[in-house]
Amino acid sequence: MIVNHDNYYDKDSSTFKEMARRSLRENWPSALFVMAVTTLLGTLLGPNTHWIVDIALFLFSGALMLSSVHYFLRLHRNERAEISDLLYGFNQLIPSTLTYLLFLLFILLWTLLLIIPGIIAGLRYAMTFYILNDEPDIKPHQAIKRSSEMMKGHKWNFFKLQLSFIGWYLLGIIAGFITIAALPYVQMNDPYWSGLIIALFTLPVLTYTAAATAAFYENLKAMQQGEQV
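Residues numbered from 1 in each chain as written. Predicted model: local features only at pLDDT ≥ 70, side-chain atom pairs only at ≥ 80, totals over all residues. Heavy atoms only, no water.

**Focus: unusual backbone geometry**
If you check the backbone angles, Asn 78 has positive phi at about 60° while not being a glycine. Structurally, Asn 78 is set in the loop between α5 (61-76) and α6 (88-91). (Helix = DSSP H or I, 4+ residues; strand = E, 2+ residues; numbered from the N terminus.)

In structure tokens, the structure reads:
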């Protein structure tokens, strides 16, 4: 097999974002809904939920994360991505939950040293759930180890990709504050409504970021498989 490495090494953040826009072009409604459920469910439910609900949300976080990854990878691969993909992670509930707990533990342990090592750990393990999606039988610690190996030499590029969305996030936050100020019945010191409005304004950016991250993973995976051949 002949691999044109230029197809991989020359891709920068703008290319991944272009690929994300292409995959989202006709799928924005379902993508926004999937992202809202998988990332903003706690915010939507509000701060006064029962502690059992809080525990359930925490335990289901891994399944929701895997569902989100599954959906956006299907989008990128031109497969039929549907809202029903939200259930995918729950079909892998135990592996996704164990992976999520181990993922959090590793990042927490690195963060206890200093903030910077914690950030680097987050970058190192960023591909964990993508690997779990593609290899459902892999053990949690193996998925984390594989992500660490996969990201060697690529953490900076991934960090730059995530950093490139900051302007959009700031724009969403500013638009949220303007909306809060314009609404007569919403006050800045109301944590639920103000948080919900800002979250809704940043939801498209979260969706855009998730699609670009899926493109980054697919490119990285193809590159490394090419190097192994």
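**Describing the environment of Lys 145**
Note on placement: Lys 145 falls in helix α10 (residues 140-150). Of the residues examined, Lys 145 reaches a relative accessible area of 53% and is grouped as exposed. Along the chain, Lys 145 and Tyr 125 lie 20 residues apart, while their C-alpha atoms are 7.9 Å from each other. (Buried < 20%, exposed > 50% of the residue type's maximum accessible area, 1.4 Å probe, protein only.)

**Some details on the pattern of salt bridges**
Oppositely charged side chains are able to pair whenever their charged atoms sit close together. Across all of its chains, the model carries eight salt bridges by this definition. Among the salt bridges present, the one from Glu 79 reaches Arg 74, with a minimum N-O distance of 3.5 Å. Residue Glu 79 is classed as partly exposed on the basis of its relative accessible area, which comes to 39%. Where Glu 82 meets Arg 80, a salt bridge forms, and the shortest distance between an N and an O atom there is 2.7 Å. The class of Glu 82 is partly exposed, set by a relative accessible area of 31%. Judged by its relative accessible area of 65%, Arg 80 falls in the exposed class. Salt bridges here are not isolated pairs; linked through shared partners, they connect Arg 77, Asp 134, Glu 218 and Lys 221. (Salt bridge = Lys/Arg side-chain N within 4 Å of Asp/Glu carboxyl O.)

**Details of the layout of surface pockets**
If you add up the space inside the largest pocket, you get close to 810 Å³. Lining the largest pocket are 27 residues, with Met 65, Ala 126, Tyr 130, Gln 162 and Thr 213 sitting closest to its centre. Those elements that place two or more of their residues in the lining of the largest pocket are α3 (28-45), α5, α7 (93-113), α8 (115-124), α9 (128-134), α11 (155-163) and α13 (191-228). The biggest single contributor to the lining of the largest pocket is α5, with six residues. In terms of residue class, the lining of the largest pocket is made up of 19 nonpolar, eight polar and no charged. (1 Å grid on protein atoms, 1.4 Å probe; cavity = no way out; pocket = protein on both sides within 12 Å on 5 of 7 lines; lining within 4 Å. Points joined across faces, edges and corners; volume = space filled by probe spheres on them. Nonpolar A, V, L, I, M, F, W, Y, C, P; charged D, E, K, R; others polar.)

**A look at the packing of α7 against α8**
The contact between α7 and α8 brings their axes to 5 Å, and the two run at 155°. Taken together, α7 and α8 sit at an angle that is classed as roughly antiparallel. Seen along the crossing, α7 lies across α8 with a hand that is right-handed. In this structure, α7 uses Ile 107, Trp 110, Thr 111 and Leu 113 to contact α8, whose residues at the interface are Ile 115, Pro 117, Gly 118, Ala 121, Gly 122 and Arg 124. Its residues assigned to classes, the contact of α7 with α8 shows six nonpolar, three polar and one charged. (Axes fitted to C-alpha atoms, helices over the stretch in contact; angles between N-to-C directions. Parallel < 35°, antiparallel > 145°, perpendicular 65-115°, else oblique. Left-handed = near helix turned anticlockwise from the far one by under 90°. Contact = heavy atoms within 4.5 Å.)

**Here's the deal with the nonpolar core**
The biggest cluster of nonpolar side chains holds 45 residues, and the ones touching the most others in it are Phe 72, Met 127 and Phe 216. Sorting the residues of this core by element identifies α2 (13-24), α3, α5, α9, α10, α11 and α13 as the ones contributing at least two each. Sort the elements by how many residues they give to this core and α13 lands first, with 13 residues. The contacts of Met 127, once residues within four sequence positions are left out, are Ser 147, Met 150, Met 151, Phe 158, Thr 213, Phe 216 and Tyr 217. (Core = buried A, V, L, I, M, F, W, Y, C linked by side-chain atoms within 4.5 Å.)

**A few points about the packing of α2 against α5**
Interhelical geometry of α2 versus α5 gives an angle of 90° and a closest axis separation of 9 Å. If you check the angle between α2 and α5, you find them roughly perpendicular. In contact with Met 19, Ser 23 and Leu 24 of α2, α5 contributes Phe 72, Leu 75 and His 76. In terms of residue class, the contact of α2 with α5 is made up of four nonpolar, two polar and no charged.

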